[in-house]
Amino acid sequence: MDRIAHPGLRAKEMSAEDAAALIRPGHNVGMSGFTGAAYPKAVPVALAKQIGAAHAAGQDFRIGVWTGASTAPELDGELALVDGVDLRMPYQSDPETRKRINEGSMNYCDIHLSHVAPTVWQGFFGRLDTAVVEVAGIDEHGDLIPASSVGNNKTWLDIADQVILEVNEWHSLELLGMHDIYYGTELPPNRVPIPMTHPADRIGQTTLRVDPEKVVAVVRTNAPDRNSTLKPVDDISKQIAGHFLEFLEHQVKVGRIPKNLLPLQSGVGNIANAVLAGLDSGPFRNIYAYTEVIQDGMVDLLDSGTVAKASATAFSLSPPAAERMNERAAEYREKIILRPQEISNHPEVIRRLGVIACNGMVEADIYGNVNSTHVMGTRIMNGIGGSGDFARNSLISCFVSPSTAKGGDISVIVPMASHVDHTEHDVSAIATEWGLADLRGLSPKKRAKKIIDTCAHPDFRPALHEYFEWAQKVSKAQHTPHDLSKALGWHQRFLDEGTMHS
Ligand code: 0RQ
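Criteria and thresholds
Residues numbered from 1 in each chain as written. Predicted model: local features only at pLDDT ≥ 70, side-chain atom pairs only at ≥ 80, totals over all residues. Heavy atoms only, no water. Axes fitted to C-alpha atoms, helices over the stretch in contact; angles between N-to-C directions. Helix = DSSP H or I, 4+ residues; strand = E, 2+ residues; numbered from the N terminus. Parallel < 35°, antiparallel > 145°, perpendicular 65-115°, else oblique. Left-handed = near helix turned anticlockwise from the far one by under 90°. Contact = heavy atoms within 4.5 Å. Disulfide = S-S within 2.5 Å. UniProt positions renumbered as here; feature names shortened; annotations may be inferred. Buried < 20%, exposed > 50% of the residue type's maximum accessible area, 1.4 Å probe, protein only. Polar contact = N/O pair within 3.5 Å; in protein donor to acceptor, adjacent residues only side chain to side chain. Pairing = 2+ DSSP bridges.

**A closer look at the packing of helix α4 (residues 73-81) against helix α5 (residues 95-103)**
Okay, so step 1: The geometry of α4 relative to α5 is characterised by a closest axis approach of 7 Å and an angle of 45° between their N-to-C directions. In this view, α4 runs oblique relative to α5, as classed from their interaxial angle. Of the two elements, α4 crosses α5, and the hand of that crossing is left-handed. Residues D76, G77, A80 and L81 of α4 form the contact with α5, whose participating residues are E96, T97 and R100.

As C-alpha cells, this is what we get:
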C-alpha cells in the first residue's frame, strides 16, 4: 500500500527544500518529536540551510521552535548551529541549543510538559504559523497514522495555519492501533473529567486528524529515529536502583501499595534503566506503567510479562530495540499505548491512579528541595520535562542521583539548592548510592538529619552537619534554619575554586 493513501494529499508531495521554503522569517513552528522519536528528519535540515544562506546574505531569519520534548541533531542541532532559533520551548537536551541558551543568544521557555498545549491554546506564545509533523502514513480518508511519539502533535495539527507532513517509511505501519488520541480536552470553564480510571484505558482514537486544506506539503523520508545507544548500567546506578526497589518492597510489606505496585513512572537515563532492569529479577509481576517515555528496559519488562501494559507519549529506544519495535509493532500495540503529552502527564490522571514516580535530579538540599534543571543556579541543563507533572501529583515521588558529580568535586546534597524545581512538599524520598531517605511525615530538621546521614557522600557529611549545626545557632527562626550568608557558599566555592571541598 502507498503510505500516502489520500489522493489529495499525495498530490501535495514535494521536496524537503520546497517544503522548507514555505517557512518564513518570524514564523512559529510546531515540530513533532519527543525524546528523539518521530521528529521531522528532512525539512528542519533544509530549513537550516536556507536560514544559513539568508544570514550569509545579511538577512534576518529566525523562528520560534515548539516541540513535544527533546529532538535530535538534525532538528535542534542544525537550527541552533545557524543561529536560527529565537525562542525554543519546552524540554531540550541538545548540546548546541544548550550552549546558545546559556550564552544568552537563544530564548528558552521551560514549562511543565502537561502545560504546553493548554498554554499555547491560551495564546501565550502567539500564533502557530506552521506545523511540521512526522507520521508513519496517511490513510485514504486523510487521517494520519502516528509514529513513535505523539507529544503535542494533536495540538500543532489543530491550530497551525499551515501543515507540512513528513511521511517516514522507516516506521512500521503496524503502529496503527497503538496510539490513543483524546480529543476531549478543553480550557476552563469547559473542562470535563478525563475519563480514565486505569492506566490501560483507551479513551480516544488511533489516528490524528488534520484538515487536508491546511496541508501545504507532504515530504517522503526513510530515516531512523535518533535512538541513542544506552551505556551499560554502572554499579552506582545499580546500587541506587537497589535502594529504590527495596523501598517499594517495604511499601508492599506494610500494606501501603498492592503486590503489583501502583502505576510506575520512570525518568530517562542510566538509573531509570537500572530500576527497570532490577524489576525483572524482583518479586513484582503484572505491573502497569503510566509514564512519559518507553525505553529499552520497559520493552524487556513487557516481553518478560513483569509489566502487563505501559502507557506513555513516546519511545526512547536504542537502535536494536527500535528495530524490534518496528518488526513486532503488531504485538506491542496490544501492550503499549501512546497518548498526547497533556494526557500522559495529566495531573488529574496521575493523582487518580496513584503513580509511583522516580526521576533524576541535579541536586537536593538538606531540607528536600530538588533542582532538576540548573547547574550552579544559572546554567540550564535540559529542562523540567515531565518531572514536575509527576513529582507534584504522584502518590510517591522519589528523586535519584549519584551523591557526587564531576569526579567527586560536587556534592549533590547541598545546604541550599541553587534553583528549586520541586519543593520539599513534592518530594517523598531521595535516593543515592548510599541509601534512600523516606521523608514522608518528617519536619524540616528531621529531614535534614536523615538526608545527610542517608544520602550524602561520606566525604561531605561532616561539612553538611557542620553547616546544619551552625545554621541552628545563627538562624533567627528554627523551622528551616539557614545562614543566608553561607547557604550558597558551596556553589560559590565550586565556581571560584572548581571544588565544593573546603
Ligand atoms: O554531566 O555528562 O557532562 O558528566 O549532569 O548527570 O548523573 O548522568 O544523570 O543523565 O539522569 O541526568 C537531572 C539532568 C540528570 C536529568 C538530569 C551532571 C553530570 C552529567 C548528567 P556530564 P547523570 P542523568 C521524564 C523526567 C529533568 C527532566 C526529567 C534531567 C550530567 O534527569 O534532565 O526528570 N531531568 N524528566 O556530571 C553539576 C550537579 C550535577 C551535575 C549531575 N549537582 N552539578 N553537574 N551533573 N549533577 C523524562 C522527560 O521529561 C523527557
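Having seen it, we continue.
**Overview of the state of the cysteines**
Okay, so step 1: One pass over the full model with this rule turns up 0 disulfides.
Okay, so step 2: C358 carries a free sulfur, and the closest cysteine sulfur to it, the one in C398, is 5.0 Å from it.

**Digging into the UniProt feature "active site" (unreviewed entry) in the protein**
Okay, so step 1: Mapped onto the present numbering, the UniProt feature "active site" (unreviewed entry) falls at E292.
Okay, so step 2: Assignment of secondary structure puts E292 in the loop between β11 (287-290) and β12 (293-295).
Okay, so step 3: On the accessibility criterion, E292 (11% relative accessible area) is buried.
Okay, so step 4: Among the polar contacts made by the side chain of E292, one reaches the side chain of N345 at a distance of 2.8 Å.

**Considerations on the side chain of K41**
Okay, so step 1: Counting through the fold element by element, K41 comes out in the loop between β1 (28-31) and α3 (43-56).
Okay, so step 2: According to the relative accessible area criterion, K41 is buried, its value standing at 7%.
Okay, so step 3: At 2.9 Å, the side chain of K41 and the side chain of E134 are in polar contact.
Okay, so step 4: A polar contact of 2.8 Å, which involves the side chain of K41, links it to the side chain of D225.
Okay, so step 5: Once residues lying within four places of it in the same chain are set aside, the contact partners of K41 are E74, E134, E166, N168, A223, P224 and D225.

**Observations regarding the pairing of strand β8 (residues 162-168)**
Okay, so step 1: Buried residues dominate β8, accounting for 7 of its 7 residues.
Okay, so step 2: Of the two faces of β8, the one holding Q162, I164, E166 and N168 and the one holding V163, L165 and V167 are both buried throughout.
Okay, so step 3: Judged from the 6 bridges that link them, strand β5 (residues 130-135) and β8 form a sheet pairing that is parallel. Each residue of the ladder has a partner; that of E134, found in β8, is E166.
Okay, so step 4: Both β8 and strand β9 (residues 215-221) contribute to a ladder of 6 bridges, which runs parallel. Its bridge partner lying in β9, V167 is registered against R220.

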